[in-house]
Amino acid sequence: MSEVKLSAESRKEFGKGAARRIRRDNKVPVVLYGHGSEPVHLTLPGHELLLALRTPNVLISLDIDGKTNELAIPKAVQRDPLKGFLEHVDLLLVKRGEKVNVEIPVHTEGELAPGGNLLEHVLDALPVEAEATHIPEAVTVSVEGLEAGASIHAKDIALPSGVSLAVDEDAVVIQVLQAQAEETAGESAEGEEAAEA
């Protein structure tokens, strides 16, 4: 689990105009909340935050106004739908040793059994409970030799020590589907001729 240190500044202005001014300065408006405390409005450097958010469930160490240090994980990220830049980020306050519920990406490895079968990710991310400072970046599942009709359930996925499922253990995560056979042009023409006769 990677930890990224960012310098944060307290924010006193709110609303669309203030948010636009913050983004013009290449910063991002952020709200930090959790542990029953009042939400804290901050600004973070845009480029550094964008790089940090490339890691799922990244642990962010915030130096707020050079006075306090807090740990947080991303909870909600809003991006501009066309340009992709960060518009707003919600961060959840966490403490070392505290358990949090997060979703971790599911990666696959290996080749399916021959026959043109298709792999369907029913869940792209697996809901788990883990210590805030030890959240796995992803889990990898082998699909080697799986045939159509096979499925992998949440309980079949090996999780690192200290990580537990936060979803029904019988939930289907990945399944193998049989490829649909396509009609060739000749077959469909013959079928139409038979229907006309």
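Residues numbered from 1 in each chain as written. Predicted model: local features only at pLDDT ≥ 70, side-chain atom pairs only at ≥ 80, totals over all residues. Heavy atoms only, no water.

## Here's the deal with the sheet that holds strand β4 (residues 59-64)
Sheets are built from strands paired through backbone hydrogen bonds, the pairs being either parallel or antiparallel. With respect to topology, six strands assemble into a closed barrel ordered β1-β3-β2-β6-β5-β4, the strand pairing being mixed. Neighbouring strand axes in the sheet, compared pairwise and without regard to direction, differ in orientation by 45° on average. Pairing of strand β1 (residues 3-10) with β4 involves six bridges; the strand directions are parallel. Bridged to L6 within β4 is L62. In the packing of helix α1 (residues 16-24) onto the sheet, contacts are made with β2 (27-34), β3 (37-45) and β6 (86-94), and the angle to β2 comes to roughly 120°. (Pairing = 2+ DSSP bridges. Helix = DSSP H or I, 4+ residues; strand = E, 2+ residues; numbered from the N terminus. Axes fitted to C-alpha atoms, helices over the stretch in contact; angles between N-to-C directions. Contact = heavy atoms within 4.5 Å.)

## Remarks on the pairing of β1
Consecutive side chains of a regular strand alternate in pointing toward one face of the sheet and then the other. Pairing analysis gives two bridges linking β1 to β3, with the strands arranged antiparallel. Looking across to β3, one finds that S10 is bridged to L42.

## What to know about the sheet that holds strand β11 (residues 151-153)
Pairing within the open sheet is antiparallel, and its three strands lie in the order β8-β13-β11. Lying at the two open borders of the sheet, with one neighbouring strand each, are β8 (118-121) and β11. Going across the sheet, the axis of each strand differs from the next one's by a mean of 10°, ignoring polarity. Here β11 pairs with strand β13 (residues 172-177) via three bridges, running antiparallel. Across the sheet, residue H153 finds its bridge partner in β13, namely V172.

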